[in-house]
Amino acid sequence: MIFHISLIMLFLDAGSSSFSGSLSLEEKRLFQYIDEHQDEFVQNLAEWVAVESDSIQPQLRGEVTRMMKIAAARLQDLGAKTTLVDIGVQQLPDGQNISLPPVILAKLGEDPLKPTVCFYGHVDVMPAKIEDGWKTRPYILTEIDGNFYGRGTTDNKGPVLAWINALSTYINLNIDLPVNIKFLIEGMEESGSNGLEELIQKEKDCFFSNVDYIVISDNLWLTTKKPALTYGTRGNACFSVEVSGGEKDLHSGGVGGIINEPMSDLIALLDSLVNSSGCILIPGIYDDVIPLTEEEMKQYEQIEFDLQEYKANIGVKKILYDTKEEIFSHLWRLPSLSIHGIEGAFYEPGIKTVIPSRVTGKFSIRQVPHMDLSKVEHQVKEYLENVFSKRKSPNKLMVSMQMGAMPWVANIDDPQYEAAKKAIKRVFNQDPDMIRDGSTIPIARMFQDITEKSVLMFPLGAADDGEHSQKEKISRSNYINGTKVFASFLLEISKLHKELQKASNLKTVT
Ligand SMILES: *[C@@H]1O[C@H](CO)[C@@H](O)[C@H](O)[C@H]1NC(C)=O
Ligand SMILES: *[C@@H]1O[C@H](CO)[C@@H](O)[C@H](O)[C@H]1NC(C)=O
Ligand SMILES: *[C@@H]1O[C@H](CO)[C@@H](O)[C@H](O)[C@H]1NC(C)=O
């Protein structure tokens, strides 16, 4: 019997190695260890999910801090030099101050011959209550059909642990860590990363000085089956446009027909922004958008994308474009303008013949490289003032940009993208989708601008993970295979880094 079993194992082994390409002996040991220690990794995830580290509700701040201490202790146990950095207080809307959870800065290894990889992640979560419609207890990790449900499983405790698991695998197997590794883990991401930018500024020349690569694993694949690497996100410029008339709300029976109504002005202004083909009508707005390259078009062609499934997911019958290439370029490469709401308008059910005296429209532009925020602001104001002046309305117009976040884009020829592609290929036996994200993730741009280091967005979760929802989950495969991908990435990046160094040394010699 025993003989039989070992024969089967041999066959399996041969099968899996041809599947993954030629695995090195090191990789085989790493992957085998990860497979054999799945239960332990899942147990760690269960322990982390059990901490209600909700950073939105101030009364749970103590739990966030407790979570930071648990994560720090884990890194400390693995031999990392770990500090919990105090980043001050948060002023609540009622004027009260509460302390922000500390940020973890940890480092392991200081070999100048190895590259230094810094991983960023967060261990705070969005609020979750069973009454919100959860089918499982949100803070009790529950496995159903190969998926682990629970708040924070995919966003972002699972991916943070996958990096830590990868590290612990090296340490427990006594395999020399191929890189110096650093961790920056925060506990306020879901609340807007309070205090983080200041900390990164402060640490630019200390913690970050010898960092070569920054990796973020806090977004999702484009699909449920195929891994992806993200190399860009759009920015967001949020505007408000206020039209005010007289001193008070009026009645349409009393003055309807004899005044210029602020709401009519506002509707005309909002309607002038974008046409029914989705084109933004503000002159010059597309001027600085970089044209789509052939290479990008080719990348888009390679992405598997089911239009019907996508439509079903978003619950929409028709979208403006018929091909995936057009859809991707409009979501990732071109700006879009969306109208979000009107403050001061009558919106309750029923009839009320009011003429509001002051209304404020809200819209935003998801902008892309190389659109300049202040130029966009100027173009928007000038255009709306022009449209408004044509109406010859005596009302008062005020346009302002409330918030502006910059887009981010990475160079996909960067060594870390190469290394990540290789690692994915080894574990999943396929090339990743090279994607951008239509939404805004300010942290990537923040790291890039302040530290001037290369940033890689290396997602672990699948498209249907439901981050922030009542069905948040991560699959066993993504969690365990993701741990392998990260372990493999460390080997690949160190190899590529060494080759690059050799090449540049040769150059300096000749
Ligand atoms: C909260 O902190 C701010 C500055 O950090 C300070 O100006 C303010 O007085 C503090 N408020 C209270 C209630 O302590
Ligand atoms: C929207 O504007 C664009 C650019 O001016 C134009 O090509 C397109 O035909 C317009 N669509 C409609 C429905 O008017
Ligand atoms: C990892 O991926 C392989 C190939 O897709 C799959 O067969 C395996 O079951 C996955 N591992 C886990 C732990 O789910």
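Note that this is a predicted model, so its numbers are computed, not measured. The numbering scheme is per chain: residues are counted from 1 as the chain's sequence reads. The order in which chains are written sets their letters, starting at A; the order in which ligands are written sets their numbers, starting at 1. At least 70 in pLDDT is required for a residue's local features to be given in this predicted model, at least 80 for side-chain atom pairs to be given and counted, and no such filter applies to totals for whole chains, interfaces and linings, which use all residues. Hydrogens and water molecules were not included; the side-chain quantities draw on all heavy atoms of the structure.

1. A short note on the packing of helix α4 (residues 61–77) against helix α5 (residues 153–172)
Every axis in this analysis is a line fitted to C-alpha atoms, fitted for helices over the stretch in contact. Angles between the N-to-C directions lie between 0 and 180 degrees. Numbered from the N terminus, helices here are DSSP runs of H or I no shorter than four residues, and strands are runs of E no shorter than two. Packing of α4 against α5 leaves a shortest axis separation of 11 Å and a crossing angle of 20°. Taken together, the axes of α4 and α5 lie roughly parallel to each other. In the packing of α4 onto α5, the handedness of the crossing is left-handed. Within the contact between the two elements, α4 uses Met67, Arg74 and Leu75 and α5 uses Lys157, Ile164, Leu167 and Ser168. By definition in this entry, angles of less than 35 degrees are roughly parallel, angles greater than 145 are roughly antiparallel, angles of 65 to 115 are roughly perpendicular, and the rest are oblique. If you view the pair so one helix is near and one far, a crossing is left-handed when the near helix is turned anticlockwise from the far one by less than a right angle, and right-handed when it is turned clockwise. Any pair of residues with heavy atoms lying within 4.5 Å of one another is described as a contacting pair.

2. Points about the packing of helix α3 (residues 38–49) against α5
Contact pair α3 / α5: the axes reach a minimum separation of 10 Å and the direction vectors enclose 140°. Classified by the angle their axes make, α3 and α5 are oblique. In this structure, α3 meets α5 at a crossing whose hand is right-handed. The segment α3 lies against α5, with Phe41, Asn44, Leu45, Trp48 and Val49 engaging Thr153, Lys157, Gly158, Val160, Leu161, Ile164, Asn165, Ser168 and Thr169.

3. Looking at the site of ligand 3
We call a residue near a molecule or strand when any one of its heavy atoms sits within 4 Å of it. Near ligand 3 the following residues occur: Gln38, Ser477, Ile480 and Asn481. Counting of polar contacts relies on pairs of N or O atoms within 3.5 Å, with two restrictions inside protein: one atom must be capable of donating a hydrogen and the other of accepting it, and residues adjacent in sequence are counted only when both atoms are side-chain atoms. The contact in question runs from an oxygen atom of ligand 3 to an N or O atom on the side chain of Asn481, over 2.3 Å. The accessible surface values rely on the Shrake-Rupley method and a 1.4 Å probe; as for residues, cover is taken only from the protein chains in view. Burial of ligand 3 by the protein chains amounts to 53% of its free accessible area of 360 Å². Of the residues belonging to the shell around ligand 3, the class tally is one nonpolar, three polar and no charged. Gly counts as polar in this scheme, as do all residues outside two lists: the nonpolar Ala, Val, Leu, Ile, Met, Phe, Trp, Tyr, Cys and Pro, and the charged Asp, Glu, Lys and Arg.

4. A look at the sheet that holds strand β16 (residues 396–405)
Across the sheet, four strands lie side by side as β13-β15-β11-β16; this open sheet has antiparallel pairing. The open sheet has two edge strands, β13 (336–343) and β16, and neither has a second partner. Adjacent strand axes in the sheet meet at a mean angle of 20° when their direction is disregarded. Only strands that DSSP links by at least two bridges are regarded as paired with each other. For strand β11 (residues 236–244) and β16, the ladder comprises nine bridges, and the chain directions are antiparallel. Across the sheet, residue Ser240 finds its bridge partner in β16, namely Ser400. Contacts from helix α8 (residues 262–271) reach β11, β13, β15 (358–366) and β16 within the one sheet, and its direction differs from that of β11 by about 150°. Packing against the sheet, helix α12 (residues 373–390) makes contact with β11, β15 and β16, and its axis sits at approximately 160° to β16.

5. Points about the domain arrangement of the protein chain
Boundaries between domains were set according to an automatic or database domain assignment. Under the domain assignment used here, the protein chain contains domain 1 (2–233 + 407–509) and domain 2 (236–289 + 334–405). Taking only C-alpha atoms into account, the centre of domain 1 sits 41 Å from that of domain 2. Taken together, the contacts link six residues of domain 1 with six residues of domain 2. Put simply, buried area is the surface a 1.4 Å probe can reach on two separate parts but cannot reach once they are joined, added for both. Carbon and sulfur atoms make up 63% of the area that domain 1 and domain 2 hide from each other, which totals about 480 Å². When a carboxyl oxygen of Asp or Glu is within 4 Å of a side-chain nitrogen of Lys or Arg, the pair counts as a salt bridge. Our enumeration of links across domain 1 and domain 2 arrives at zero salt bridges. One can count one residue pair in polar contact (both at pLDDT 80 or more) joining domain 1 with domain 2. Counted by class, the side of domain 1 that touches domain 2 contains two nonpolar, three polar and one charged residues.

6. Observations concerning α3
An expected span of 1.5 Å times one less than the residue number is assigned to each helix. Taking 1.5 Å of rise per residue, twelve residues should cover 16 Å, and α3 covers 16 Å from first to last C-alpha, within 8% of that figure. Only protein chains enter the calculation, and the probe is 1.4 Å; a residue is then buried if its accessible area is under 20% of its type maximum, exposed if over 50%, and partly exposed in between. Taken together, the buried positions of α3 are Gln38, Phe41, Val42, Asn44, Leu45, Trp48 and Val49. Down the axis of α3, the smallest arc covering the buried residues is 155°, so these residues share one side. Taken from the helix axis, the directions to the C-beta atoms give the arc we talk about.

7. As for the site of ligand 2
Neighbouring ligand 2 are Asn275, Ser276, Ser277, Cys279 and Leu281. Interatomic distance of 2.3 Å between a side-chain N/O atom of Asn275 and an oxygen atom of ligand 2. The side chain of Ser277 places a nitrogen or oxygen atom 2.6 Å from a nitrogen atom of ligand 2. Expressed as a share of its isolated accessible area of 360 Å², the protein-covered part of ligand 2 is 36%. When its residues are assigned to classes, the shell around ligand 2 shows two nonpolar, three polar and no charged.

8. A look at the nonpolar core
Counting residues in each nonpolar core, the largest one holds 103 residues, and the members touching the most others are Phe183, Phe447, Phe458 and Phe489. Per element, the largest residue contribution to this core is ten residues, and it comes from helix α15 (residues 476–509). Those residues within four positions of Phe183 in sequence are excluded, and the remaining contacts are Leu75, Ile104, Leu105, Ala106, Phe119, Trp163, Ile164, Leu167 and Phe207. By nonpolar core we mean a set of buried residues, namely Ala, Val, Leu, Ile, Met, Phe, Trp, Tyr and Cys, connected to one another through side-chain atoms within 4.5 Å.

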